[in-house]
Structures are given as C-alpha cells and as structure tokens.
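A look at the structure
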Amino acid sequence: MAWTDSRFDRQIRFVHLGAAGQERLEAARVLIVGCGALGGSLAMQLVRSGVGQVVLADRDVVELSNLPRQVLFSETDLGRPKSQAAQAALQKIGGPSRIEAHDVHVDADVLLELAPRAQVILDGTDNLATRYLINDYCVSRHVPWIYGGVVGSSGLVLPVLPGVGACLRCLFPAPAQVGSLESCQTSGVILPAVQLVSSLQAGACLRLLAGKAGGSEPEAPRLTMVDAWSTEVRSVSARRDPACPCCGMREFPFLDAPTENAAVALCGRNTVQVRPQSKSQTDLARLAERVRAIASAVRVHSGVLEFQVEEFHLRVFPDGRALIEGTEDPARARAVYDRYVGS
Amino acid sequence: MLRLSKGAPSPILNFGVSIEIQVNGLARQVEPAATVASLLRELGLDHGHIAVELNQRIVRPSERATKALAPGDEIEIVTLVGGG
C-alpha cells in the first residue's frame, strides 16, 4: 500500500498496529454521530490516523461560542453546517480517508440509514437521547460503540462491546431527564477535557479497528472518568448486567419508538429544533422569496436559509428542519415554524 | 468529576460507633446501619443517573437499599455525563 510506506511510517512502527493494523484502519468505516467538540476531535484523530471511511453527521451550524473547543472550525465557518465545515477542514489534511458529511438530525430512521456498514460508531453527541438510541442500535446489531461525555473539566468514556462488557443501560438504566444533569451551557467546558475524552475514545476505536493486530483479546472494558483540571483518573468495572433492559432483556425502546418529538429544545441555547411532519426536500430559494416580504436579514448561506422574523432567528435546512432561536418552548417554536416555513 | 466534601459529622459520631469508608478516594464516616442507598441520599445523589461500585463490584439500583456498608469499604460513584 502506497500510503503505508512513508506517511504512516511512525504508526506502523507502533507495535500494536504494524502494517497489518494500518491496512485494517484503511479498510475501516466509522460513523461519528455529532461533529462538535468531541466529534470534531474524534474525526481529526481518525483522519490523521488513516481510517479509510469517516462518516460525519451533525444537525447544527458553527457558532462563535464553539471556537474555543471545536478544533475543526474557524471564524470563516460561522453559520455553516458543522458537518460540511468539518469535512472541508479534514480534507485539507489529505491522506487516504474518504469523508462523508451528512447535515441531519440523527434519529432512529437516519441511524438505520447511516450505520449499517460502520464497524464502530463514535459518540460525539451532546445529548443523552441520541446516546440511548445509539446504544439500542449497537446492542441490537452487535456493533461496538464508544460513549464519551464531557462537562466542565471532566468527562466519562465507556467502550460498549456488545457481548463482552456492559452497555450504557447496564450502568445507567434510564436516561436522565432533560435539565437534571450539568450541561456545557450551565457548567461550561474546556478544550483540555474535550481532548482527554475524545483521545480515550479514539484510542479505543483504533484498537478495535486494528483487531487481532492490536494485541490482546478484548477484555471487559472499564468506565473511565478523567479530569483535565485535577489530573484525576478513576475507573469502575463495566460488567454486563444480566437483568439489563437493553442487552439482557433485548428491549430497544429508543430504536423502536416511531419518531421522537418533532420539536425539541436544544439544551440551554434558547433554541428549538423543529422537524417537518413528513420527510421531503425543501426548496429554500422559493421559501426565501416567500418570506422576503415579511422577514428581515434573509439570506442563503452554505445551503442554509436564515431570516429574522418577530423576535425569532430561523435557520432552515434543505431537509425542512429548522433551528428557531428566541424561545425554549417547543410548542411556540412549532407555531413559528408552521407560520413561516409551512407545516 | 464528582466532588465530595467531608460530610457533616453525624451526631452518632459522639458515641464513637460510626464506621469509616472511602468514597471516591476520600475517607468518610457513616452510621453503622448505613446502606449504599442511605449514603447516596446523604450525598444528594439518589437521582438515578449514577453508577455505583462497591469494592470493585457494580451495585445495581435494585440492590442499593439492602447493600450494607462495612468498615473499609471502597465506594466509587460515577455520574452520567451528557455534554459533548
């Protein structure tokens, strides 16, 4: 393999990879759900390591407050869909990776579309609902995924290897209610914590992809806590719970749920995401014409229609999804959506 | 990471019958009749989004009310983290 001759020389010299391991990385496909802080750092590590196919999915656009910790984005990316901006930044690195970008909200339908050929799914999400959905998918299909969460200066990592160790619900049977946990909005977050967590996730991912070349057989992974401020590292055993509703009883409510709420508040952002009732492409140019008479600051930028109306700032995506800033009330946002975007 | 301050001394301490355990690496006094569940209540962590390990074994939510604590027990408590 041409790449492995020089570009990846130092990786091939790493005893747990070698040429065989490097070839496995180049043959691998990994789905990264969420492309912000954790997801961006994960994508960078995978692409630089030479993972062959990296699939990115994110529903959000780049904002100024992302720049201190979301390593793939620059000021020139403000307002751009994160998946696209990330893809552009990653392509500059070069190398053998093919990078797919999906500007979507990952729900059960989208996950069933994007995940099937991935050997590992990496968690770059910012919410628990999507993580429990990924857990359901991966346990039901026997695909490994690597949970990572970060807040303040600390975070958690758990490689979920179905059949080998605990799944997310063995340890945390029910997802926390919205607002009951610390979030990056309420408690802040610093880049060193993001890098610590994403690096543990990426290392576990490369080890999984390297397969037998990676050394020992898989052992039951541990749930690891790290803190970039206190430099504390702790871990607990992550053995399977035979009574786990997911990997024990094989119930997959998050995957089987028809659709989640069509309008969800994005935690602490004064923004609600509204999705169309039926899936179809939206003609943003026509919509822009329609709203121009009543809205201000109408523009289409990187395939996203933005406008200001009443006290709301709307961003509408080609799949009909909209981010409505100016409220945290899903019902109110839904009404704004129906009024200006169409039901 | 979970920050634990030393708990206020329980009145029972005065009688010298409390037991000492380790919670996330810090020493802590609890009543002799303490269970995992009572410790979590004392710490304000009885909200369900935590994993608890007692002497390197996970304690499931259903076992916490009956799992008694003994001197020298080592407890690790991990709170689910949602950010990213």
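Structural notes on the interface of chain B and chain A
- Residue-level contacts link 22 residues of chain B with 42 residues of chain A.
- Here chain B and chain A share eleven residue pairs in polar contact (both at pLDDT 80 or more) between them.
- Of all the secondary-structure elements, those providing two or more residues to the side of chain B that touches chain A are strand E3 (50-54), strand E4 (57-59) and strand E5 (74-79) of chain B.
- A total of four residues in the side of chain B that touches chain A trace back to one element, the largest contributor, which is E5 of chain B.
- Of the residues belonging to the side of chain B that touches chain A, the class tally is nine nonpolar, eight polar and five charged.

Considerations on a positive patch on the surface
- Taken together, the side chains of Arg222 and Arg239 of chain A together with Arg57 and Lys67 of chain B define a basic patch exposed on the protein surface.
- Looking at the element boundaries, Arg222 of chain A is found in strand E7 (residues 222-227).

Structural notes on the pairing of E7 of chain A
Residue and element names in this part refer to chain A.
- Most of E7 sits out of view: five of its six residues are buried.
- Pairing geometry for strand E6 (residues 154-160) and E7, over four bridges, is antiparallel. By the bridge assignment for E7, Gly155 is matched with Val226.
- Sheet topology note: the E7/strand E8 (residues 233-237) ladder contains five bridges and is antiparallel. In the sheet register, Met225 faces E8, and the bridge partner there is Arg234.

A closer look at unusual backbone geometry
Residues and elements named next belong to chain B.
- Phi angles above zero are rare outside glycine, and Asn55 is one such case at about 50°.
- Not every positive phi belongs to a glycine, and Gln56 is a case in point at roughly 70°.
- Mapped onto the elements of the fold, Gln56 is located in the loop between E3 and E4.

Thresholds applied
- Residues numbered from 1 in each chain as written.
- Chains lettered and ligands numbered in written order.
- Predicted model: local features only at pLDDT ≥ 70, side-chain atom pairs only at ≥ 80, totals over all residues.
- Heavy atoms only, no water.
- Contact = heavy atoms within 4.5 Å.
- Polar contact = N/O pair within 3.5 Å; in protein donor to acceptor, adjacent residues only side chain to side chain.
- Helix = DSSP H or I, 4+ residues; strand = E, 2+ residues; numbered from the N terminus.
- Nonpolar A, V, L, I, M, F, W, Y, C, P; charged D, E, K, R; others polar.
- Patch = residues over 30% accessible without salt bridge, like charges linked within 9 Å, V, L, I, M, F, W, Y side chains within 5 Å.
- Areas by Shrake-Rupley, 256 points an atom, 1.4 Å probe, with all protein chains shown as cover.
- Salt bridge = Lys/Arg side-chain N within 4 Å of Asp/Glu carboxyl O.
- Lys, Arg positive; Asp, Glu negative; His and termini not counted.
- Charge placed at Lys NZ, Arg CZ, Asp CG, Glu CD.
- Buried < 20%, exposed > 50% of the residue type's maximum accessible area, 1.4 Å probe, protein only.
- Pairing = 2+ DSSP bridges.

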